[in-house]
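Secondary and tertiary structure notes
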Amino acid sequence: MNDRTPGPWQIDRFLGCVVGTKGQPIGGEADLTLVAAAPDLLAVLQRYVNAYPAFRIKPIGAPGSEKRIEQENLMALEDAARTAIAKAIKTSYPESETK
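Report follows, based on the coordinates.

Rules of the game
Residues numbered from 1 in each chain as written. Predicted model: local features only at pLDDT ≥ 70, side-chain atom pairs only at ≥ 80, totals over all residues. Heavy atoms only, no water. Salt bridge = Lys/Arg side-chain N within 4 Å of Asp/Glu carboxyl O. Helix = DSSP H or I, 4+ residues; strand = E, 2+ residues; numbered from the N terminus. Buried < 20%, exposed > 50% of the residue type's maximum accessible area, 1.4 Å probe, protein only. Expected span 1.5 Å × (residues − 1). Bend = angle between axes of the 7 residues up to and from the residue. Contact = heavy atoms within 4.5 Å. Polar contact = N/O pair within 3.5 Å; in protein donor to acceptor, adjacent residues only side chain to side chain.

1. As for the pattern of salt bridges
- Counted under the stated rule, the structure contains 1 salt bridge.
- Two residues, Glu78 and Arg82, come together in a salt bridge whose shortest N-O distance is 3.1 Å. Taken together, the positions of Glu78 and Arg82, both in helix H2 (residues 66–89) and 4 residues apart, correspond to about one turn of that helix. No difference in accessibility class separates Glu78 from Arg82, as the two residues are buried.

This is the structure we're talking about:
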C-alpha cells in the first residue's frame, strides 16, 4: 500500500516543514522513509546522468523514426533528471557535455 503524501512537495517556511499539494505537513512512515532515502536517490541519479548521457552528438535515424523518437525521449528524461537534481541541490546542474 502506498501511503505517501501526493507530490509535489514544497517547503512551507512559515510552518517550518515540508507540505504536500493540499498544504498538509508530510510525516507518515512512508513519507519519512522516502525522505531518509533521498540522499541515496540523489547520488544514484547524479551518477547515472553523468555515466549515461543521452545521445546528443548527432541525431539517430530519420525525423519521426522509432530510433529518433527513442533518442528524443531519452534526452527528455535526462533533462528531467538534471532539473530534479538542480532542485534538490538548489543550483543549476551541469549540462550534458554532449549537448
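2. A look at helix H1 (residues 29–51)
- For H1, which comprises 23 residues, the first-to-last C-alpha distance of 33 Å matches the rise-based estimate of 33 Å (1.5 Å per residue) to within 8%.
- In H1, a bend of some 45 degrees at Ala38 exceeds every other bend along the element, and Pro39, a proline, comes one to four places later.

3. Considerations on H2
- Here H2 spans 35 Å end to end across 24 residues, near enough to the 34 Å set by a 1.5 Å rise per residue.
- Within H2, burial applies to Arg68, Gln71, Glu78, Ala81, Arg82, Ile85 and Ala86.
- Turning to H2, the residues buried within the fold contact H1.
- Immediately downstream of H2, the backbone of Lys90 shows phi near 55 degrees, a positive value.

4. What to know about the side chain of Gln71
- By the secondary structure assignment, Gln71 is in helix H2.
- Residue class for Gln71 comes out buried when judged on its relative accessible area of 4%.
- Among the polar contacts listed, one links the side chain of Gln71 to the backbone nitrogen of Ile60, at a separation of 2.9 Å.

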